[in-house]
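Coordinates in review
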Amino acid sequence: MLRASIEQTNHRLNLAAVVDHAQPAGVPEADAIIRFTHALVENTDQLPDARAALVASLGAAGAAAIAGAVGNFEMMNRILDATGVPAPGSMADLTERLRS
Amino acid sequence: MTDSLTISDSGLSLRPSMLAGMQREWTRLAQPGTWWTGVERVAIATVARDAVHGSNTSSPALHSVVTDMVARVATSPHAIERAAVDSLAEHGVRLEAFVELVGITARLIAVDTTIRGIGAAPAPLPSPIEGQPSRHVEPRAKRRSAHVPMIGAAGATTALSSVAAEDAAQADLHGALYLHYAEMGDLTIVKEIPRWQMELAATTTSWINHCVY
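Treat the numbers as computed from the prediction; the structure is a model and nothing was measured.

Quick look at the nonpolar core now. Core analysis: the largest hydrophobic core is formed by 97 residues, its most contacted members being I66 of chain A together with W36, F98, L101 and L200 of chain B. If one sorts the elements of this core by residue count, helix α5 (residues 60-82) of chain A sits on top with 13 residues. Split by domain, this core shows at least three residues from each of two domains, domain 1 (16-177) and domain 2 (181-213) of chain B. Apart from the residues lying within four places of it in its own chain, the contact partners of W36 of chain B are R41, I44, L62, V66, V93, A97, E100, L101 and P133 of chain B.

Moving on, we come to the interface of chain A and chain B. On the chain B side, the residues contacting the 61 residues of chain A number 64 residues. Of the roughly 5500 Å² buried where chain A meets chain B, counting both sides, 75% is carbon and sulfur surface. In this assembly, chain A and chain B are joined by 10 residue pairs in polar contact (both at pLDDT 80 or more). For the side of chain A that touches chain B, the element with the highest residue contribution is α5 of chain A, accounting for 23 residues. Along the lines of polarity and charge, the residues of the side of chain A that touches chain B split into 39 nonpolar, 15 polar and 7 charged.

With that settled, consider the packing of aromatic side chains. A complete count under the given rule lists 1 aromatic pair over all chains for this structure. Relative to Y178 of chain B, the ring of F73 of chain A has its centre 4.9 Å away and its plane inclined at 90 degrees; by these criteria the two rings are edge-to-face. In this pair, F73 of chain A is assigned in helix α5 and Y178 of chain B in the loop between α6 (164-177) and β1 (190-191), connecting two distinct chains. The burial state of F73 of chain A is the same as that of Y178 of chain B; both residues are buried.

Calculation rules
Each chain carries its own residue numbering, running from 1 in the written order of its sequence. Here the convention is simple: chains get letters from A, ligands get numbers from 1, in the order in which they are written. In keeping with the predicted nature of the model, local features appear solely for residues at pLDDT of at least 70, side-chain atom pairs appear and are counted solely at 80 or more, and the whole-chain, interface and lining totals rest on all residues. Think of the side-chain values as coming from all heavy atoms in the structure, minus any hydrogens and water. For the purposes of this section, nonpolar cores are sets of buried Ala, Val, Leu, Ile, Met, Phe, Trp, Tyr and Cys residues that join through side-chain atoms within 4.5 Å. For the exposure calls, accessible area comes from a 1.4 Å probe over protein chains only, and a residue counts as buried if that area is under 20% of its type's maximum, exposed if over 50%, partly exposed in between. Numbering of helices and strands runs from the N terminus, with a helix taken as a DSSP run of H or I at least four residues long and a strand as a DSSP run of E at least two residues long. The domain boundaries here were taken from an automatic or database domain assignment. Two residues form a contact once any of their heavy atoms are found within 4.5 Å. Put simply, buried area is the surface a 1.4 Å probe can reach on two separate parts but cannot reach once they are joined, added for both. Throughout this description, a polar contact denotes any pair of N or O atoms lying within 3.5 Å of each other; where both atoms belong to protein, one of them has to be capable of donating a hydrogen while the other can accept it, and for residues adjacent in sequence the pair is counted only when both atoms sit in side chains. Residue type decides the class: Asp, Glu, Lys and Arg count as charged, Ala, Val, Leu, Ile, Met, Phe, Trp, Tyr, Cys and Pro as nonpolar, and the leftover types, Gly among them, as polar. In this analysis, rings of Phe, Tyr and Trp, with Trp reduced to its six-membered ring, are considered paired at centre separations within 6.5 Å, and the interplanar angle assigns stacked below 30 degrees, edge-to-face beyond 60, and tilted for intermediate values.

In structure tokens, the structure reads:
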């Protein structure tokens, strides 16, 4: 969905930044979103600064919307994993590597 | 405890539809469910919150095998194997009760994460409402490739379908915090932010959680 939705824009996003958020994402708002998401999910002491940077980038309403999106996927990840919904076949190798 | 969701002032406001969806979740949480009482449902939410914060996860309202499973759903759901789910039956916990436990835990963490995201303090949990669970069995749900029974093929929108109230609660909160299911196919939708920004937050969250679905 990320790849498909970014293709609807003129942005060129470095997806490696999702995995290694020290890498630049190539789009200013993306760096702020990735940094905030890591701080929120991992509940680090970077969260206040990451939130302030996100508000500066997206505005207050945008930052709140990102918080909701993260919250939603905290829910969906748990539901899918705990109920044992199989990953799509194309993701099988990645699944094994992540779970090892 | 309280009767309604109360969010402290943080300087960031949630859009009204997000707030309303979270309020509905607090109302549902307090009520008797399909397999757990209101007291047990709020106890599950309490254990989930404690587990996320690394606190003691015992509860006088729940068997230790239940609190252990809630803690696993809260902190390491990707490591839950089918055998662990099956073992709950030895303690009288049906697969559908596990499904409800998963739904309660997952939605509690969704609400807590969103509130923490805007910089507000955790909302007090609701006071439980007396009453008995309905114990409704969904005859159409079958166990196939997943750990639990589902109606139709296993997927994001069917994972909790063996417990209708949990399935509906997931859809409701999903729509409030992110997108309604009917909006999922719209790659250019804007809800304060464009779709790609929502998807970047979603992808990053799933990567951190080791969820590759």
